[in-house]
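Architecture at a glance
The lines below spell out each chain.
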Amino acid sequence: MLVDLGVYAGLFAAAFVAATILPMQSEALLGGLLLTHSYPASALIAVASVGNILGSVVNWLLGRGIDQFRHRRWFPASEAQLDRATGWYQRYGKWTLLLSWAPVIGDPLTVIAGVLREPLWRFVLLVSIAKTARYLVVFALVSGW
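Residues numbered from 1 in each chain as written. Predicted model: local features only at pLDDT ≥ 70, side-chain atom pairs only at ≥ 80, totals over all residues. Heavy atoms only, no water.

Turning to unusual backbone geometry, a few remarks are in order. Within the chain, His37 stands out as a residue other than glycine whose phi angle is a positive 55°. By the element assignment, His37 lies in the loop between α2 (27-36) and α3 (41-66). Non-glycine residue Val104 carries a positive phi angle of around 70°. (Helix = DSSP H or I, 4+ residues; strand = E, 2+ residues; numbered from the N terminus.)

Given below as structure tokens:
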């Protein structure tokens, strides 16, 4: 029982951190856990999805308050990266959040959504679709669908 809790907590943590601006991958961990057939796939996908969605909410919150620091040397993104992400977001709007699962561009888009004041309810809805779909694809690949 305690081991199971640790597995789920570890998966949640990996998915959470993977959704923030910190570099981390959660798909390999989820795939490995799915391959063990020791845990219900639905529970693993739900835990990974919730962790990843909440990590994206952290990015959105950072975006809400961090734009005032964008010209500081310690700022984690360059002007070019911010301008590129802002351009994407302004051009395609809220629908860019469906790419929040994508490596390299996904995390900056979630920060930019906060900077540009995307309503939280719509942000969570679109990011939830994207993040959960990604983990369902991992499940499909691992299970041979």
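Let's pick the thread back up.
With that settled, consider a nonpolar patch on the surface. On the surface, Trp95, Leu98, Trp121, Leu125 and Ile129 cluster together into a nonpolar patch covering about 550 Å² of accessible area. You can see Ile129 is positioned in helix α6 (residues 120-143). (Patch = residues over 30% accessible without salt bridge, like charges linked within 9 Å, V, L, I, M, F, W, Y side chains within 5 Å. Areas by Shrake-Rupley, 256 points an atom, 1.4 Å probe, with all protein chains shown as cover. Salt bridge = Lys/Arg side-chain N within 4 Å of Asp/Glu carboxyl O.)

For the rest of this paragraph, the subject is the pattern of salt bridges. Summed over all chains, the structure comprises two salt bridges. We note a salt bridge from Arg134 to Glu27, for which the minimum N-O separation is 3.2 Å. On the criterion of sequence distance, the pair formed by Arg134 in helix α6 and Glu27 in helix α2 is long-range, its members being 107 residues apart. For Glu27, a relative accessible area of 21% puts it in the partly exposed group. The closest approach of N and O atoms between Arg122 and Glu118, which form a salt bridge, is 2.4 Å. (Buried < 20%, exposed > 50% of the residue type's maximum accessible area, 1.4 Å probe, protein only.)

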